[in-house]
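Listed below, chain by chain, are the residues.
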Amino acid sequence: MTISLTQVDAFTDAAFGGNPAAVCALPEAPPDRWMQQVAQEMNLSETAFFYPEADGYRLRWFTPTVEVDLCGHATLATCHVLWSEGYLSNEQPATFHTRSGLLTARRLGDWIELNFPANPSHPIAEPDGLANALGTTPKAVVENSLGYLVELESAAVVRDLRPDFAALGQFPVHGIIVTSLGDAPYDFVSRFFAPGLGINEDPVTGAAHCCLGPYWRAKLGKPTFLAHQSSARGGVVKVQEKGDRILLSGQAVTIFKGELLH
């Protein structure tokens, strides 16, 4: 038996940018242990697995070490595979059953729009040791279910940050988002660190933008943003807040296709 496996660069319109994800198309649910082993073998920040369920697909996401509740770039990559490989026509929406509830997506020309739950934050006192671990003094720190969201002084500070990943991994959160106002044409910039999940830095993170949308809506008083995740690979995300939902739009490029021997 062979299984289709595709690697896709998400949140980019050019190969070798954005965030790479592996996408595994399955006829039915496989064992959890097998999916974790495939993700470890692929050794990317996320590997997505989808198979038919009800009126759409069951979608699951694995890092090399754990299954996660939500992943934006691997969902974008999966949507790209569904439409580019003919699983769905360009006019059909994608429907996913996930650990984060029902997620939908639609194709808008060269862009793919994901409909995700918003993840608002609440203020907290700055955790002891966070400034030292980041190597800079935060302007503000808030917390959400993903982890800490830390506002920094400028886009240059965000881009130049060289954190102590071992120290960041000691905090009791899944990840740490750093962000600031952007420089043109971007409304804001960000980076995302998750050493506790086995990912020192994720190149472009859809789930982080579910937190960043509500944060910058409150700061800037508008619901729509053009954002840049300023990792070494970099990626562009259109963000629109709509009540308790966030619309994330991005582009994607297929890097290679193959068969997984199972």
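Up top you'll find the structure we're talking about.
In this report, the structure presented in the accompanying data block is examined.

What counts, and at which threshold
Once a new chain begins, its residue numbering starts again from 1 and follows that chain's sequence as written. Local features in this predicted model are restricted to residues of pLDDT 70 or higher, and side-chain atom pairs are both shown and tallied only at a pLDDT of 80 or more, whereas totals for entire chains, interfaces and linings draw on every residue. The side-chain figures draw on all heavy atoms in the structure; neither hydrogens nor water molecules are used. Each helix is a run of DSSP H or I of at least 4 residues and each strand a run of E of at least 2, with the numbering of both proceeding from the N terminus. Two things to know: the radius of gyration comes from C-alpha atoms, and the globule rule equals 2.2 Å times the number of residues to the power 0.38. The criterion used for residue contact is that any of the two residues' heavy atoms lie within 4.5 Å. Note that accessible areas follow from Shrake-Rupley with a 1.4 Å probe, and for residues the cover is restricted to the protein chains shown. None of His or the chain ends enter the tally, which takes Lys and Arg as positive and Asp and Glu as negative. Working definition for charges: the position is that of NZ of Lys, CZ of Arg, CG of Asp or CD of Glu. By convention in these notes, a salt bridge is any Lys or Arg side-chain nitrogen within 4 Å of a carboxyl oxygen on Asp or Glu. To sort residues, take the accessible area from a 1.4 Å probe on protein chains only and compare it with the maximum for the residue type: under 20% means buried, over 50% means exposed, and anything in between is partly exposed. Here a polar contact is taken to be a pair of N or O atoms separated by no more than 3.5 Å, where protein atoms must pair a possible hydrogen donor with a possible acceptor and residues adjacent in sequence count only if both atoms sit in side chains. Centres within 6.5 Å make a pair out of two Phe, Tyr or Trp rings, where for Trp the six-membered ring is used; the pair is then stacked when the planes are under 30 degrees apart, edge-to-face when over 60, and tilted otherwise. A ring has a charge above it when a Lys NZ or an Arg CZ is no more than 6 Å from the ring centre and no more than 35 degrees off the ring normal.

1. Brief notes about the overall build of the protein chain
Next, step 1: A tally of regular secondary structure across the protein chain gives 6 helices and 18 strands.
Next, step 2: Over its C-alpha atoms the protein chain spans a radius of gyration of 18 Å, differing by no more than 12% from the 18 Å that the globule rule assigns to 262 residues.
Next, step 3: For the protein chain, the spread of C-alpha atoms along the three principal axes comes to 55 × 35 × 30 Å.
Next, step 4: Residue pairs at least 24 apart in sequence account for 61% of intrachain contacts in the protein chain once pairs closer than 6 positions are excluded.
Next, step 5: With an accessible surface of roughly 11,200 Å², the protein chain has 49% of that area assigned to carbon and sulfur atoms.
Next, step 6: Here the protein chain contributes 18 positive and 28 negative side-chain charges, whose respective centroids are spaced 4 Å apart.

2. What about the pattern of salt bridges?
Next, step 1: Tallied over the entire structure, the rule returns 14 salt bridges.
Next, step 2: A salt bridge links Arg233 to Asp9, with the nearest nitrogen and oxygen atoms 3.2 Å apart. On the criterion of sequence distance, the pair formed by Arg233 in the loop between strand S15 (224-229) and strand S16 (235-242) and Asp9 in strand S1 (residues 2-10) is long-range, its members being 224 residues apart.
Next, step 3: Residue classification places Arg233 among the partly exposed residues on the basis of a relative accessible area of 35%.
Next, step 4: Judged by its relative accessible area of 1%, Asp9 falls in the buried class.
Next, step 5: A salt bridge links Arg191 to Glu201; its shortest N-O distance comes to 2.8 Å. Of this pair, Arg191 sits in strand S13 (residues 188-194) while Glu201 sits in strand S14 (residues 199-202), and the two are 10 residues apart along the sequence.
Next, step 6: Owing to a relative accessible area of 6%, Arg191 belongs among the buried residues under this scheme.
Next, step 7: Connected through salt bridges with shared partners, the residues Asp32, Arg60, Glu67, Asp69 and Arg99 form a single ionic network.

3. Quick word on the side chain of His73
Next, step 1: Along the polypeptide, His73 turns up in helix H2 (residues 72-84).
Next, step 2: Owing to a relative accessible area of 0%, His73 belongs among the buried residues under this scheme.
Next, step 3: Within the structure, His73 has its side chain in polar contact with the backbone oxygen of Pro20 (distance 3.3 Å).
Next, step 4: A distance of 3.5 Å separates polar atoms of two side chains, one belonging to His73 and the other to Ser45.
Next, step 5: If sequence neighbours within four positions are ignored, His73 has contacts with Ala10, Phe11, Asn19, Pro20, Ala21, Ser45, Glu46, Asp202, Val204 and Gly206.

4. Describing the packing of aromatic side chains
Next, step 1: Per the counting criterion, the structure on display carries 9 aromatic pairs.
Next, step 2: Seen in terms of ring centroids, Phe49 and Phe62 are 5.6 Å apart; in terms of plane orientation they differ by 90°. Their pairing is edge-to-face. Here Phe62 lies in strand S4 (residues 56-62) and Phe49 lies in strand S3 (residues 47-53), a separation of 13 residues in the sequence. In terms of burial, Phe49 and Phe62 fall into one category: buried.
Next, step 3: Relative to Trp216, the ring of Phe188 has its centre 6.0 Å away and its plane inclined at 10°; by these criteria the two rings are stacked. One end of the pair, Phe188, is in strand S13; the other, Trp216, is in helix H6 (residues 206-220), and 28 residues separate them in sequence.
Next, step 4: Accessibility expressed as a relative area gives 0% for Phe188, which makes it buried.
Next, step 5: The side chain of Lys238 reaches across the aromatic face of Trp111, ending 4.0 Å from its centre.

None of this, on its own, says anything about what the molecule does.
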